[in-house]
Amino acid sequence: MHAHLNHVPAVVLRLDRNPFHHGTLGAVRSLGRKGVEVHAVVEAGGGPMVRSRYLRAVHPGPAGGLDPEAPEALLECLTRVSELIGRPAVLIAMDDLSAIAVSRVAPLLRERFRIPHQPDNLPARVADKAELSRLCARWDVPHPETVVPASGAEAADAAWRLGLPVVAKWSRPWLLPTGADGLRSTTLVQTTAEARRLYERSAEAGSRLLLQRFLPAGPDTDWFFHGAFTHGGRPLLAGSGRKELSWPVRTGLTAVGRWLPDPAVEEAALRLAERLGYQGILDLDFRRDERGVFRLVDFNPRPGAQFRLFTDATGMDVVQAMYLDLTGQQVPQPSGGAGRVFVAENYALLAAVRGRSLPRRRPATAPAPPRTGAAAERGQVEPAWFASDDVRPFLSMLAAFLGRGAAKGARVLRGVPAQGRRTARAVVRAPRQRGREQPGAASAGAVSRPAPPEASAEPDELVTR
C-alpha cells in the first residue's frame, strides 16, 4: 500500500458495548500505520482504543442505541459522520450487530461509504445460527447435529436424543434483551427440564432456540478461519489458525492463537464463501470432534478480534486487503506468515491463571500432518494491546481492566497456587516455547470431556455493564 493511494478515509464501526474489544484497536492501527485517516464510531465511549495515536476522531454511535430490526438510527448516525469527514470513506463493521445493520442500510449509503456488496441480507442470514445449519447441510459443510424444536416437549426430547449435556443457542443472539436473567447466547444444558424451560423463553429471547450435540473441548480442538473476499467469493487473503488459550477457559474468545494452515478447515471455509458469493471479511469458528472432523460452529460476518494474527510477511492483513479492494487498488498476493502467534494480554493472563496451566502438547500418539516449514514452528508474536509505537491504549487498558475488574479479578486469582502464578507470568513466552508443536488430527482418546463452563462466564467477564 502506497501513501499517495491512501486518500480515502476509513470509518471503523463497533456497536457492541465491550470497551476491551482489541480487534477494533487492531483495525485502527493497521490502517493508520499505512497513512489512512481513521475514524471510529463506537458505543460506551470506545474504551482504551480511543487513545491510539492512529485514530483521527471518535464519533458516538446512534443515540439511544440501535434496534437491528430498525436501523434508521444508524443511517442517521453514519450520515452525520460522513458530513463531518467531508468525502466518501471505507466503512468496516467490527461486530455482528454493526455488520447486520449496515447491510440493511447500505443501498442508502453508497454515495457516502464504500461497503462490500452483500445482497439478500447476507450478514443476518449467516449470523442466524438456524440458517447457518441449513446452509451447511445444503453444501455439505460439517456442522454439529442440530435440532430446532417447535415446542417445549420437542426441546426436552431433542436434548435427550442428542445426548446430555447439549449446547443451546438462540438463533439470533443480537436480539437478546440486555440484562435478561439467564438468557445467554450459548448455554450448556444439563437436563431435559432445562431445555424445556429455555424454549419457553423464546418470545423473550426474540428468536428460535437451537439444540446442538455437544463437542467436547480438548487439546487441538478449537480452530478458526479468517478471510477477506472480493466479488464472487474470491479470497484476497485468508488463513486458518488454532486457539491455544481461550477466555473463559475452553469456551470463550481467543486469548492465544497460532496461524496454522489446515487443508480441511480452509477447504470448508473457502467452499462456503464461494457458494455464498461472499464479499467482505469473515471469521469462522470450527471445533474438531472425537473422530477428527472439523465442524463449523459459528459464522461471524466481520473481522475476528484476532484478525491481526493473519498478517503476511509484507504486513498485509484482511482489513488492509479489504481497504485496497474497496478503493480500487490491487491486492498483492499473500506472502508467508504461517506460524505467527497472537496474544490478547489481558485474557491470556486470566486464562493461564484460571486454567492453572499453559496449553498442553498434543499426546505423542496423535498423528500430525507434514511440516510446512520453519515458519510454522517459529512465528512472530503480536500482542493485541502493547505496541512500542502506540503505547497509550495498552496503558489505558491496563488501568481500566484492573480498576473495573478488581473485585472479579480477586475471585479469579484467589487460591491459585504458586505454579499458576508462574504460568501467568510465562504466558507471553509460551508460544515460542511451544513452537515445535504441529497441527494434526486428534485421536478420540486425546479429547477429554471438560467440566461444564460456569454459568456466569462471558468473554468480557471483567467488563462492568
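Below, the structure is looked at part by part. Since the model is a prediction, treat every value here as computed from it, not as a measurement.

### Examining helix α2 (residues 72-85)
Every α-helix carries 3.6 residues per turn, so stepping three or four residues along brings you back to the same face. For α2, with 14 residues, the first-to-last C-alpha span of 20 Å sits near the 20 Å given by 1.5 Å per residue. Taken residue by residue, α2 has Leu74, Leu75, Cys77, Leu78, Thr79, Val81, Ser82 and Ile85 as its buried positions. Where α2 is buried, its residues touch β1 (10-14), β2 (38-42), β3 (57-60), β4 (89-93), α3 (96-105) and β5 (113-114). Following α2 by one or two positions, glycine 86 has its phi on the positive side, about 90 degrees.

### Things to note about the packing of helix α1 (residues 22-32) against helix α10 (residues 318-326)
It is at 9 Å that the axes of α1 and α10 come closest, and there the two elements cross at 55 degrees. Regarding the angle of α1 to α10, the classification is oblique. Crossing angle aside, the handedness with which α1 passes α10 is right-handed. Residues Ala27, Ser30 and Leu31 of α1 lie in contact with α10, whose contacting residues are Val319, Gln320 and Tyr323. When its residues are assigned to classes, the contact of α1 with α10 shows 4 nonpolar, 2 polar and no charged.

### Some thoughts on the packing of aromatic side chains
Within the structure shown, the criterion is met by 8 aromatic pairs. Relative to tyrosine 278, the ring of phenylalanine 229 lies with its centre 6.4 Å away and its plane at 90 degrees, an arrangement referred to as edge-to-face. In this pair, phenylalanine 229 is assigned in strand β10 (residues 222-230) and tyrosine 278 in the loop between α9 (263-276) and β13 (280-288), connecting sequence segments 49 residues apart. Just as phenylalanine 229 is buried, tyrosine 278 falls in that class too. Relative to phenylalanine 310, the ring of tryptophan 259 lies with its centre 5.2 Å away and its plane at 65 degrees, an arrangement referred to as edge-to-face. Taken together, the residues tryptophan 259 in strand β12 (residues 253-259) and phenylalanine 310 in the loop between β14 (294-300) and α10 connect sequence positions 51 residues apart. By relative accessible area, tryptophan 259 is classed as buried at 7%. These aromatic residues form a ring-pair network of at least three members: Phe20, Tyr347 and Phe401.

### A short note on the sheet that holds β12
Taken in spatial order, the 7 strands make up an open sheet running β14-β13-β10-β11-β12-β15-β16, and their pairing is mixed. Edge positions in the sheet fall to β14 and β16 (381-383), since each has one partner strand and no second. On average, each strand axis in the sheet is inclined to that of its neighbour by 30 degrees, with strand direction left out of account. Where strand β15 (residues 341-343) and β16 come together, 3 bridges link them in parallel fashion. Across the sheet, valine 343 pairs through a bridge with proline 383, a residue of β16. Across the sheet, α9 is in contact with β10, β11 (234-247), β13 and β14; its angle to β10 comes to roughly 40 degrees.

### Quick word on the pairing of β14
Each regular strand carries side chains that alternate between the two faces of the sheet. Counting buried residues in β14 gives 7 out of 7 residues, a clear majority hidden from the surface. Alignment of β13 against β14, held across 6 bridges, turns out to be antiparallel. Bridging from a neighbouring strand, arginine 287 pairs with arginine 295 of β14. Where β13 folds back on β14, the antiparallel hairpin that results is connected by 5 residues, among which glycine 292 adopts a positive phi of roughly 90 degrees.

### Quick notes on the environment of lysine 34
Mapping lysine 34 onto the fold places it in the loop between α1 and β2. Accessibility expressed as a relative area gives 28% for lysine 34, which makes it partly exposed. Placed 20 residues apart in sequence, lysine 34 and tyrosine 54 show a C-alpha to C-alpha distance of 9.7 Å.

### Remarks on the pattern of salt bridges
In this structure the tally under the stated criterion is 26 salt bridges. Linking aspartate 389 and arginine 33 is a salt bridge whose minimum nitrogen-to-oxygen distance equals 3.0 Å. Of the two residues, aspartate 389 is situated in the loop between β16 and α12 (392-404) and arginine 33 in the loop between α1 and β2; the sequence distance between them amounts to 356 residues. Overall, the relative accessible area of 34% leaves arginine 33 in the partly exposed class. Notably, a salt bridge pairs aspartate 220 with arginine 288, separated by 3.2 Å at the nearest N-O pair. Here aspartate 220 is found in the loop between β9 (209-213) and β10, whereas its partner arginine 288 is found in strand β13, with 68 residues between them in sequence. Overlapping salt bridges, with partners in common, bring together Asp220, Arg242, Glu244 and Arg288 in one network.

What counts and what doesn't
Residues numbered from 1 in each chain as written. Predicted model: local features only at pLDDT ≥ 70, side-chain atom pairs only at ≥ 80, totals over all residues. Heavy atoms only, no water. Helix = DSSP H or I, 4+ residues; strand = E, 2+ residues; numbered from the N terminus. Expected span 1.5 Å × (residues − 1). Buried < 20%, exposed > 50% of the residue type's maximum accessible area, 1.4 Å probe, protein only. Contact = heavy atoms within 4.5 Å. Axes fitted to C-alpha atoms, helices over the stretch in contact; angles between N-to-C directions. Parallel < 35°, antiparallel > 145°, perpendicular 65-115°, else oblique. Left-handed = near helix turned anticlockwise from the far one by under 90°. Nonpolar A, V, L, I, M, F, W, Y, C, P; charged D, E, K, R; others polar. Phe/Tyr/Trp six-rings, centres within 6.5 Å; stacked < 30°, edge-to-face > 60°. Pairing = 2+ DSSP bridges. Salt bridge = Lys/Arg side-chain N within 4 Å of Asp/Glu carboxyl O.

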